[in-house]
Amino acid sequence: MQSTSLLLLRQREHARTGSPLVRWALIGTALLFLGVFLVVPLVAVFHHAFQKGAGAYLAALQEPEAWSAIRLTVLAALIAVPLNLVFGVASAWLIARFQFPGRDLLITLIDLPFSVSPVIAGLIFVLLFGRQGWLGPWLAEHGISIIFAVPGIVLATLFVTFPFVAREVLPVMQAQGSDEEEAALTLGASGWRTFFTITLPKVKWGVLYGVILCNARAMGEFGAVSVVSGHVRGVTTTLPLHAEILYNEYDFVGAFAVASLLTLLGLVTLAVKKYIEWRAHAP
């Protein structure tokens with residue numbers, strides 16, 4: 001009986017782990033995939049960026065148009081991320097804590113940018129705020145420029161990034177429950193005090209995680225921003241658009257130098273993301 005149980009245990013263990021050949025084949029396939037689709041492109045970006053030396057690399061980043069693209073990218077992120085932070089936390093709290101008419105519709109609208117192409121989103125803004133759009137004539141009469149101007153870029157960035165904070169905070173709030181909040185309210189704490197002393201600290205890692213993802217997407221967005229920017233060089237070009245312009249002009253060192261900044265942003269985002277995951281699961 002004991003030998004039979006031991007045999008069954010070994011069979012189950014073998015079924016879980018498989019043969020060493022299969023394990024190494026799977027590991028090798030995964031490493032090959034990562035090498036071809038991740039490591040090689042990263043190496044290529046920095047290789048082309050420094051192809052003519054560090055001097056040419058720094059000169060490309062010191063161009064006035066490059067600095068203008070950096071400033072505009074940072075500006076769009078500085079506006080979009082705080083607004084999405086407020087919206088994301090508020091909407092997640094509303095959905096997690098209350099049942100109300102239109103709740104399912106709100107969840108669907110939050111997920112909308114995940115299902116709509118950024119290019120289509122940019123076209124929608126053009127149809128709304130462009131010179132020939134629905135609101136275009138009224139905006140032109142009042143001297144307000146949205147499309148092919150900075151406000152259009154900010155609007156496009158807001159649209160493509162607003163799900164990130166809400167989608168990261170919502171499951172955390174739902175998992176935490178509302179027992180502590182109800183107890184605080186029962187003991188006489190105000191709604192704001194309950195939110196800032198109990199609700200927000202419990203979901204802080206989800207908030208930080210969402211903000212990091214939101215910021216990375218805001219700085220790296222191309223499709224929607226490309227449609228509404230008009231590619232006015234030095235005025236409405238963000239870092240991704242500036243890299244495309246330089247590449248189309250066969251300025252490969254400049255294009256890859258700008259691309260290396262976005263690559264570094266992605267690597268830093270990944271490192272911070274892993275740190276937050278580690279802190280969130282640390283005892």
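Here is what the cut-offs are and how they apply
- Residues numbered from 1 in each chain as written.
- Predicted model: local features only at pLDDT ≥ 70, side-chain atom pairs only at ≥ 80, totals over all residues.
- Heavy atoms only, no water.
- UniProt positions renumbered as here; feature names shortened; annotations may be inferred.
- Domains from an automatic or database assignment.
- Buried area = accessible area lost by both parts, 1.4 Å probe.
- Salt bridge = Lys/Arg side-chain N within 4 Å of Asp/Glu carboxyl O.
- Polar contact = N/O pair within 3.5 Å; in protein donor to acceptor, adjacent residues only side chain to side chain.
- Axes fitted to C-alpha atoms, helices over the stretch in contact; angles between N-to-C directions.
- Helix = DSSP H or I, 4+ residues; strand = E, 2+ residues; numbered from the N terminus.
- Left-handed = near helix turned anticlockwise from the far one by under 90°.
- Contact = heavy atoms within 4.5 Å.
- Nonpolar A, V, L, I, M, F, W, Y, C, P; charged D, E, K, R; others polar.

By the naming in an unreviewed UniProt entry, the protein is Sulfate transport system permease protein CysW, taken from Stigmatella erecta. As its UniProt record puts it under Subunit (unreviewed entry), the protein is described as follows: "The complex is composed of two ATP-binding proteins (CysA), two transmembrane proteins (CysT and CysW) and a solute-binding protein (CysP)." Among the UniProt annotations of the protein, the heading Function (unreviewed entry) holds the following wording: "Part of the ABC transporter complex CysAWTP (TC 3.A.1.6.1) involved in sulfate/thiosulfate import. Probably responsible for the translocation of the substrate across the membrane."

Engineer: Even after reading the chapter, I still don't get the domain arrangement of the protein, so can you show me in this structure?
Structural biologist: Size of an interface, as often reported, equals the accessible area lost when the parts are brought together. Once the domains are mapped, the protein shows domain 1 (1–50) and domain 2 (53–281). For domain 1 and domain 2, the distance between their C-alpha centroids amounts to 35 Å. Buried surface at the junction of domain 1 and domain 2, summed over both partners, amounts to about 760 Å²; 81% is from carbon and sulfur atoms. Our enumeration of links across domain 1 and domain 2 arrives at 0 salt bridges. Applying the counting criterion to the domain 1 and domain 2 interface returns 1 residue pair in polar contact (both at pLDDT 80 or more).

Engineer: How should I be thinking about the packing of helix H4 (residues 64–97) against helix H9 (residues 163–176) in this particular structure?
Structural biologist: When two helices pack together, their arrangement is given by the angle between the helix axes and the distance between those axes. Following both chains from N to C, one finds H4 and H9 inclined at 35°, their axes separated by 8 Å at the closest point. Two packed elements cross with a definite hand, and for H4 against H9 that hand is right-handed. Across the interface between the two elements, Asn-84, Leu-85, Gly-88, Val-89, Ser-91, Ala-92, Trp-93, Ile-95, Ala-96 and Arg-97 of H4 pack against Val-165, Ala-166, Val-169, Leu-170, Met-173 and Gln-174 of H9. For the contact of H4 with H9, the residue count by class is 11 nonpolar, 4 polar and 1 charged.

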